[in-house]
Each structure stands twice: as C-alpha cells, then as structure tokens.
Amino acid sequence: MKKDIHPENYRPVVFKDMSNDDIFITRSTMQAKETITVDGVEYPLIKVEISNTSHPFFTGKAKLVDTAGRVDKFMSRYGKRNRK
C-alpha cells in the first residue's frame with residue numbers, strides 16, 4: 001500500500017436522517033458544523049436527507065414495475081414493423 005494517502009482524522013460521527021429523525025454513529029472524516037449529544041457523549045452531526053431507514057427500497061415500500069406490461073405495450077406499438 002502507498003503511504004500517506006489515507007486520511008488520519010477518522011472519528012465517531014452521528015449521521016441523522018432528517019426525514020424520520022433516525023440517528024446512527026459511525027466513523028467518518030467529514031467536517032461538521034453542528035454537534036449532538038448521544039448517551040452523554042458529544043459527537044459531530046452530519047444531516048442526511050435519506051438513509052436505509054427511510055429509503056423505499058430498504059423499507060419495502062418500493063413501487064413494483066410491471067415489466068411484462070411494458071413489454072406488451074412496446075410490442076403492440078413497434079413489434080409489427082418488421083413484418084413485411
């Protein structure tokens with residue numbers, strides 16, 4: 001590995017999902033302007049718009065796309081062009 005290419009300032013940081021106020025603590029090098037106290041310890045705070053607790057894919061509320069219907073619609077519009 002090359003020396004001196006990785007950041008040295010990894011520290012615990014709180015990420016807060018603004019859509020559902022869920023928080024999680026992980027290590028990061030991101031700079032934060034705000035702080036938050038969790039369990040009596042003060043951490044830098046990074047606000048995010050969406051996380052795994054609010055994203056439709058992870059919550060199971062994702063829309064299912066009807067691919068068979070789309071294929072049928074495509075074939076009805078353009079599938080008969082090569083028949084001559």
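In the block above lies the structure referred to throughout.
Residues numbered from 1 in each chain as written. Predicted model: local features only at pLDDT ≥ 70, side-chain atom pairs only at ≥ 80, totals over all residues. Heavy atoms only, no water.

### Observations regarding the pairing of strand β2 (residues 23-28)
Here strand β1 (residues 11-17) pairs with β2 via 6 bridges, running antiparallel. For Phe15, the partnering residue across the bridge sits in β2 and is Phe24. Linking β1 back to β2 in an antiparallel pair, the connection comprises 5 residues, with Asp21 at a positive phi of about 60°. (Pairing = 2+ DSSP bridges. Helix = DSSP H or I, 4+ residues; strand = E, 2+ residues; numbered from the N terminus.)

### Overview of the packing of aromatic side chains
Going through the model one piece at a time under the given rule, you end up with 1 aromatic pair. Judged by centre distance (5.6 Å) and plane angle (15°), the rings of Phe15 and Phe24 are stacked. Given a relative accessible area of 34%, Phe24 falls into the partly exposed group. (Phe/Tyr/Trp six-rings, centres within 6.5 Å; stacked < 30°, edge-to-face > 60°. Buried < 20%, exposed > 50% of the residue type's maximum accessible area, 1.4 Å probe, protein only.)

### Some remarks on the pattern of salt bridges
Summed over all chains, the structure comprises 1 salt bridge. One salt bridge connects Lys47 with Glu34, and the closest N-O pair in it is separated by 3.4 Å. Here Glu34 lies in strand β3 (residues 34-38) and Lys47 lies in strand β4 (residues 41-48), a separation of 13 residues in the sequence. (Salt bridge = Lys/Arg side-chain N within 4 Å of Asp/Glu carboxyl O.)

### What to know about the side chain of Ser51
For Ser51, the location among the structural elements is in the loop between β4 and α1 (56-59). A polar side-chain atom of Ser51 sits 2.7 Å from a polar atom in the side chain of Asp17. Excluding anything up to four places from it in sequence, Ser51 contacts Asp17 and Phe24. (Polar contact = N/O pair within 3.5 Å; in protein donor to acceptor, adjacent residues only side chain to side chain. Contact = heavy atoms within 4.5 Å.)

Function cannot be read off these values alone, since they describe shape.
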